[in-house]
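Inside the fold
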Amino acid sequence: MGTKCNYFSTMKAMSAIDLPLEEKTWLQHYGDMPEHMCYREGSIYELLKEMKEKQPDAPALEFFDTVYSFESMDENINIVANALIKSGVVEDESVTICMPNMPEAIFLIYAINKIGAVANVIHPLSDANEIRNAVSLTNSSLIFTTDVSYKTVKDAGVPNVVVCEVSMSMPPVLKTLYNLKSRKQMKYSSDTITWKKFIAGMGTIAPSVKRNRDDAAVLIYSGGTTGKSKGIVLSNLCFNSLAIQCFAVCPEARPGASMMSALPIFHGFGLCVAVHAPLCLGMKCILIPKIDIKKLNETIKKKKPTIVPAVPTMLKAITNNKNLGPDSFKSVKVILSGGDYLSDDLRAKVIDYFRSCGSKAHIRIGYGLSEATAFFTATAYGTEDIDNIGIPNPDTYIRVCDPVTNEKLPDGEIGEICVNGPTVMLGYVNDKEETDNAIRTHSDGTQWLHTGDLGYLEDGILHFTSRLKRMIISNGYNIYPTELENILNKCKYVASSVVVGIKDKVREEAPKAVIVLKNGVQRTAELEAEIREFCKKNIAKNAQFKEIEFTDALPTTKIGKVNYRIFEKLKDKENAEDVEDKETVTTDKE
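Attention here is on the structure that accompanies the text. (Residues numbered from 1 in each chain as written. Predicted model: local features only at pLDDT ≥ 70, side-chain atom pairs only at ≥ 80, totals over all residues. Heavy atoms only, no water.)

Details of the overall build of the chain
If you tally the helices and strands in the chain, you get 16 helices and 29 strands. The C-alpha atoms of the chain give 24 Å as radius of gyration, which agrees with the globular expectation for 590 residues (25 Å, within 12%). Summarising its shape, the C-alpha atoms of the chain cover approximately 70 × 55 × 50 Å along the three principal directions. Considering the chain as a whole, with its 590 residues, one finds that 59% of them fall into the buried category. (Helix = DSSP H or I, 4+ residues; strand = E, 2+ residues; numbered from the N terminus. Rg over C-alpha atoms; globule rule 2.2 N^0.38 Å. Buried < 20%, exposed > 50% of the residue type's maximum accessible area, 1.4 Å probe, protein only.)

Description of the side chain of S69
Its place among the elements puts S69 in strand β2 (residues 66-69). A relative accessible area of 18% means that S69 is categorised as buried. Discounting chain neighbours no more than four positions away, the residues touching S69 are P56, D57, A58, P59 and A60. (Contact = heavy atoms within 4.5 Å.)

Considering the sheet that holds strand β3 (residues 94-98)
Spatial ordering of the open sheet is given by β7-β6-β5-β3-β4-β8-β9-β19, a layout of eight strands whose pairing is mixed. Bordering the open sheet on either side are β7 (193-194) and β19 (427-428), each of which pairs with just one other strand. Bridge count for β3 against strand β5 (residues 142-145) is three bridges, and the pairing is parallel. Looking at β5, one finds that T96 is bridged to I143. (Pairing = 2+ DSSP bridges.)

Details of the nonpolar core
Core analysis: the largest hydrophobic core is formed by 145 residues, its most contacted members being L61, M73, L84, F144, V218, L279 and L449. Residues within four places of L84 in sequence aside, it is in contact with V89, A111, I112, I115, L142, F144 and F198. By size, the runner-up hydrophobic cluster in this structure holds 24 residues, among which are V118, I122, L137 and V163. (Core = buried A, V, L, I, M, F, W, Y, C linked by side-chain atoms within 4.5 Å.)

Comments concerning the environment of V166
Residue placement: V166 occurs in the loop between β6 (160-163) and α6 (172-182). Take V166: its relative accessible area is 7%, and that puts it in the buried class. C-alpha of V166 to C-alpha of M102: the two residues are 64 residues apart in sequence and 7.2 Å apart in space. Sequence-distant contacts of V166, that is, excluding residues within four places in its chain, are made with F63, M102, T146, D147, V148 and Y178.

Some details on the packing of aromatic side chains
Scanning the entire structure with this criterion turns up 11 aromatic pairs. Arranged with centres 6.2 Å apart and planes meeting at 55°, the rings of F329 and Y353 form a pair that is tilted. Taken together, the positions of F329 in the loop between α11 (312-320) and β13 (334-337) and Y353 in helix α12 (residues 344-356) put the pair 24 residues apart, joining distant regions of the chain. Across this residue pair, the class does not change: F329 and Y353 are buried. The rings of Y341, Y367, F376 and F464 are connected pair by pair, giving a single aromatic cluster. Taking NZ or CZ as reference, K230 lies 5.2 Å from the ring centre of Y428, over its face. We note R254 situated over the ring of F247; from NZ or CZ to the ring centre the distance is 3.5 Å. (Phe/Tyr/Trp six-rings, centres within 6.5 Å; stacked < 30°, edge-to-face > 60°. Lys NZ or Arg CZ within 6 Å of the ring centre and 35° of its normal.)

Let's talk about a nonpolar patch on the surface
A contiguous nonpolar patch, built from F64, V173, L174 and L177 and spanning about 350 Å² of accessible area, is present on the exposed surface. As for its placement among the helices and strands, L177 is situated in helix α6. Residue L177 is classed as exposed on the basis of its relative accessible area of 52%. (Patch = residues over 30% accessible without salt bridge, like charges linked within 9 Å, V, L, I, M, F, W, Y side chains within 5 Å. Areas by Shrake-Rupley, 256 points an atom, 1.4 Å probe, with all protein chains shown as cover. Salt bridge = Lys/Arg side-chain N within 4 Å of Asp/Glu carboxyl O.)

A closer look at helix α3 (residues 103-114)
The first and last C-alpha atoms of α3 sit 17 Å apart over 12 residues, in line with the 16 Å expected at 1.5 Å per residue. With 12 of 12 residues buried, α3 lies mostly within the body of the structure. Of all the residues in α3, the buried ones are P103, E104, A105, I106, F107, L108, I109, Y110, A111, I112, N113 and K114. Remark: G116 follows α3 within two positions and exhibits a positive phi of approximately 90°. (Expected span 1.5 Å × (residues − 1).)

So, the pattern of salt bridges
Counting across every chain of the model gives 25 salt bridges. For K52, the salt bridge goes to D74, with nearest N and O atoms at 3.6 Å. Taken together, the residues span a long stretch of sequence, with K52 in helix α1 (residues 44-54) and D74 in helix α2 (residues 70-86) at a distance of 22 residues. The exposure class assigned to K52 is buried, which follows from its relative accessible area of 13%. You can call D74 buried: its relative accessible area is 9%.

Looking at the sheet that holds strand β25 (residues 494-504)
With respect to topology, three strands assemble into an open sheet ordered β25-β26-β27, the strand pairing being mixed. Of all the strands in the sheet, the pair left with one neighbour each is β25 and β27 (547-550). For this sheet the average axis-to-axis angle between neighbouring strands, irrespective of direction, equals 25°. Direction of pairing for strand β26 (residues 508-517) relative to β27: parallel, over a ladder of four bridges. Paired with V514 across the bridge in β27 is E549. Contacts from helix α15 (residues 525-538) reach β26 and β27, with the element oriented near 130° to β27. (Axes fitted to C-alpha atoms, helices over the stretch in contact; angles between N-to-C directions.)

Points about the pairing of β6
Walk down a regular strand and you will see the side chains alternate between the two sheet faces. In this sheet, β6 lies alongside β5 in parallel orientation, the contact comprising four bridges. Bridged to L142 within β6 is N160. Handedness of the crossover joining β5 and β6 through helix α5 (residues 150-156): right-handed. Looking at chain direction, β6 and β7 are connected through two bridges and run parallel. Each bridged residue has a counterpart across the sheet, and for V162 the counterpart in β7 is I193. (Right-handed = clockwise from strand over helix to strand, strands pointing away.)

Let's talk about a positive patch on the surface
Together, K330, K333, R355 and K360 make up a region of like positive charge exposed at the surface. For R355, the location among the structural elements is in helix α12. (Lys, Arg positive; Asp, Glu negative; His and termini not counted. Charge placed at Lys NZ, Arg CZ, Asp CG, Glu CD.)

A closer look at the side chain of K512
Secondary-structure assignment places K512 in strand β26. Looking at K512, its side chain comes within polar contact range of the side chain of E549, at 2.7 Å. (Polar contact = N/O pair within 3.5 Å; in protein donor to acceptor, adjacent residues only side chain to side chain.)

What to know about the packing of α2 against α3
Between α2 and α3, whose axes approach to 8 Å, the crossing angle comes to 60°. Looking at the two axes, α2 sits oblique to α3. Crossing angle aside, the handedness with which α2 passes α3 is right-handed. Here α2 contributes M73, N76, I77, N78, V80, A81 and L84 to the contact with α3, which in turn contributes F107, L108, Y110, A111, I112 and K114. In terms of residue class, the contact of α2 with α3 is built from 10 nonpolar, two polar and one charged. (Parallel < 35°, antiparallel > 145°, perpendicular 65-115°, else oblique. Left-handed = near helix turned anticlockwise from the far one by under 90°. Nonpolar A, V, L, I, M, F, W, Y, C, P; charged D, E, K, R; others polar.)

Okay, here's the thing in structure tokens:
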């Protein structure tokens with residue numbers, strides 16, 4: 001401890017730009033949303049503290065039935081900050097957090113920020129190699145974990161480990177039951193520090209280190225489905241600007257409302273949209289440490305959140321679960337979908353299902369990526385039935401560019417989606433080459449983050465077509481897998497599908513479909529013939545499937561995206577090693 005990660009101080013924020021009015025065609029759809037907003041100059045802790053001073057007694061965090069007010073949360077943040085200082089943590093030092101959504105993890109993130117250090121947030125179920133990669137990238141020598149992940153963390157060889165039981169903030173009865181069930185994994189080596197010992201004797205007032213808005217605040221990691229994860233460095237401004245933008249984008253995000261914070265904090269969507277933004281807007285975060293898809297509906301009914309952020313796989317699980325009654329989702333005003341593409345069929349199904357449960361919620365689709373903190377476009381109200389991914393947030397600019405020349409493309413033409421705005425990352429830690437490849441200066445002198453996604457602008461509204469790397473080029477034609485999946489999922493026999501490109505002697509590359517059938521549908525030669533006939537009627541001749549494969553479930557990555565690479569016939573051994581089967585879980589049939 002006490003060792004800075006010097007790379008942080010060398011990183012610079014993207015240059016801010018403005019565009020000619022005629023290029024900002026999305027402004028016509030803004031309505032009451034402002035084009036520009038004011039953003040705080042300081043740290044993420046300072047923005048949170050402002051809300052604490054406005055409403056100290058209001059509920060901030062709920063974990064099972066334990067509730068922390070903004071005042072008590074701030075006291076705990078200060079206790080942890082003092083403990084970090086006592087341990088020798090210094091400004092710009094990377095402190096690793098390997099924990100699920102629990103109060104102590106939230107205290108840590110803000111305490112680390114308050115003393116000028118950087119929170120290095122990783123998946124709580126990371127394997128030893130992933131942990132080693134995360135700590136070596138940032139020269140981190142202190143890691144916080146739980147009893148669930150303790151053994152793996154110790155195997156990774158990090159010198160200083162603090163362990164906090166998941167049950168630490170649980171109500172007494174639940175805590176006792178958890179500890180009895182988990183007592184076998186609560187055996188720690190003598191050099192491990194327990195959470196109770198770590199914070200023992202610490203006061204509730206702690207000094208702050210002055211930080212600028214462009215200083216590094218948090219590291220999160222790319223999904224890792226195409227290779228080794230990259231450390232994404234997000235500044236104070238990245239988090240604070242998105243939190244303030246949420247105030248304009250989502251009118252329901254106001255003091256007194258509540259957010260279901262089930263999305264994991266190791267991801268930008270989970271940490272910023274489902275934790276930092278609601279807290280800074282005076283809302284209560286209902287922390288859920290582990291997503292149990294079979295109990296999601298019960299959780300919504302019991303906890304009564306105002307806003308439910310979810311990835312499409314979660315929304316699909318909710319609609320497949322038992323309907324708990326006409327008033328069970330009455331509290332839900334907004335569904336925020338992000339993290340992966342939401343198909344037309346699933347979008348309609350979600351709306352119908354929530355209506356049947358008493359909710360009049362709008363479904364808002366956010367589009368973005370971890371390199372831009374979370375979402376930077378969102379669908380406008382009243383567009384639930386329109387296939388689009390929305391309009392840019394305030395102070396956010398988008399362009400669709402030729403992925404080779406970087407030249408701006410006209411409306412309606414498909415190209416790579418690029419973004420400039422205050423939520424764009426500082427870069428990848430210790431990887432200038434990848435940073436320069438992602439953030440490019442165009443011929444007009446403007447800087448843009450290249451998303452690797454294909455789409456097009458039409459009348460100021462952004463539409464998504466496919467990942468750039470997923471695009472299939474067959475006989476010179478561009479084929480977009482997402483479009484084919486949307487069509488295939490409308491077949492009455494298909495529960496879900498994924499489309500990938502495979503080698504073809506004539507066309508060089510051809511689409512292949514992997515299909516999960518609906519419950520009760522049996523695979524037969526006649527069924528496959530019917531599906532083929534459906535495809536002939538609804539899909540262009542040059543995009544017909546070379547192969548159709550049936551499977552019981554589609555694997556997903558740790559953040560809930562369909563891991564399509566599992567089904568691809570990779571071209572060489574190096575790419576084959578990129579496919580990490582260990583990080584996949586499966587989603588059940590309908």
